[in-house]
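Working through the structure, step by step
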Amino acid sequence: QVQLVESGGGLVQAGGSLSLSCSASGRTFSAKLMGWFRQAPGKEREFVAALSWTGSVTYYADSVKGRFTISKENAKNAMYLQMNSLKPEDTAVYYCAAARGGLALYRIAAHPGSYDYWGQGTQVTVSS
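Let me sum up the structure you'll find in this document. Note that the coordinates shown come from a computational prediction; the quantities given were computed from them, not determined experimentally.

To continue, consider the sheet that holds strand β3 (residues 18-26). Working definition: the strands of a sheet are paired by backbone hydrogen bonds and lie parallel or antiparallel to each other. Strand order in the open sheet formed by four strands is β1-β3-β8-β7, with antiparallel pairing between adjacent strands. Since the sheet does not close on itself, it has two edges, and those belong to β1 (2-7) and β7 (68-73), each with one partner. Sheet twist, expressed as the mean angle between neighbouring strand axes with direction ignored, is 15°. Here β1 runs beside β3; their pairing, made up of six bridges, is antiparallel. Residue pairing across strands places S7 opposite S21, the latter belonging to β3.

Structure, rendered in structure tokens:
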């Protein structure tokens, strides 16, 4: 079993920056893919970014490419999402997710059903 805990959400003005963290733990931690998703009220859960835990592959949704950066710190079993140039449409609950398996392909990493574990979510609100 893997436990995921997000932190770093909050209020920020448009054009500002925010950094999210995801800490993973468990008796035996062996995730292959980890990603960030977000969900705004009344909207579908949307892919944001993902990475291969053991490799260097990263994926980004077109809507955040060039503004958001996903990274990891293996020694701490931590994943981060640096969000710059934030827009009001970025407002959502952001979720950290981990998959026990999965191929290093965009269609796999970007699909919520690929993930086995989810964090509780952290609210990000961008004011206009």
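For the structure on display, the rule yields one disulfide. Here C22 pairs with C96 through a disulfide, and the sulfurs are 1.8 Å apart. Where C22 bonds to C96 through sulfur, the torsion about that S-S bond is close to -65°, and the disulfide is left-handed. Highlighted residues: C22 in strand β3 and C96 in strand β9 (residues 92-99), separated in sequence by 74 residues. In terms of burial, C22 and C96 fall into one category: buried.

Membership of the largest hydrophobic core comes to 41 residues, with the highest contact counts inside it found for L4, M34, W36, L81, M83 and Y94. Residue contributions to this core peak at six residues, all from β9.

Our focus in this paragraph is the pairing of β3. Where β3 and strand β8 (residues 78-83) come together, six bridges link them in antiparallel fashion. By the bridge assignment, S21 is partnered in β8 with Y80.

Turning our eyes to something else, we now look at the pattern of salt bridges. Summed over all chains, the structure comprises six salt bridges. Note that D62 and K65 form a salt bridge whose closest N and O atoms lie 3.7 Å from each other. Here D116 and R100 are joined by a salt bridge, their closest N and O atoms 3.3 Å apart. Here R100 lies in the loop between β9 and α1 (106-109) and D116 lies in the loop between α1 and β10 (117-118), a separation of 16 residues in the sequence. Through salt bridges with shared partners, one network takes in R38, E46, R67 and D90.

Tallied over the entire structure, the rule returns six aromatic pairs. An angle of 85° between the planes, with centres 5.6 Å apart, marks the rings of F47 and Y106 as edge-to-face. One end of the pair, F47, is in strand β5 (residues 46-52); the other, Y106, is in helix α1, and 59 residues separate them in sequence. Its relative accessible area of 8% is what places F47 among the buried residues. Both rings, one in Y115 and one in W118, keep their centres 6.0 Å apart while their planes meet at 65°; by these two values the pair is edge-to-face. Classification of Y115 as buried rests on a relative accessible area of 6%. An aromatic cluster is defined as three or more aromatic residues linked by ring pairs; in this entry it consists of F37, F47, Y59, Y106, Y115 and W118.

Mapped onto the fold, D90 is located in the loop between β8 and β9. Among residues more than four places away in sequence, those in contact with D90 are R38, R67, F68, S85, V124 and V126.

Conventions we followed
For every chain, the first residue of the written sequence is number 1, and numbering continues from 1 onward in sequence order. Per-residue local features of the predicted model are confined to residues with pLDDT of at least 70, and side-chain atom pairs are confined, for both listing and counting, to 80 or more; whole-chain, interface and lining totals are unaffected and use all residues. Only hydrogens and water are removed before side-chain values are computed, so all heavy atoms of the structure are retained for them. For two strands to be treated as a pair, DSSP must find at least two bridges joining them. Elements are defined by DSSP. Helices are runs of H or I of four residues or more, strands are runs of E of two residues or more, and each kind is numbered from the N terminus. Fitting a line to C-alpha atoms yields each axis, with helices limited to the stretch in contact; the angle taken between N-to-C directions then spans 0 to 180 degrees. What counts as a disulfide here is a pair of cysteine sulfur atoms lying within 2.5 Å. Each residue is placed in one exposure class: buried if its accessible area under a 1.4 Å probe, protein chains only, is under 20% of its type's maximum, exposed if it is over 50%, and partly exposed if it falls in between. What we call a nonpolar core is a set of buried Ala, Val, Leu, Ile, Met, Phe, Trp, Tyr and Cys residues that are connected through their side-chain atoms within 4.5 Å. Between Lys or Arg on one side and Asp or Glu on the other, a salt bridge is scored when a side-chain nitrogen of the former is within 4 Å of a carboxyl oxygen of the latter. Two rings from Phe, Tyr or Trp (for Trp, the six-membered ring) form a pair when their centres are within 6.5 Å of each other. A pair whose planes differ by under 30 degrees is stacked, one over 60 is edge-to-face, and the rest are tilted. In this analysis, two residues are considered to be in contact whenever any of their non-hydrogen atoms come within 4.5 Å of each other.

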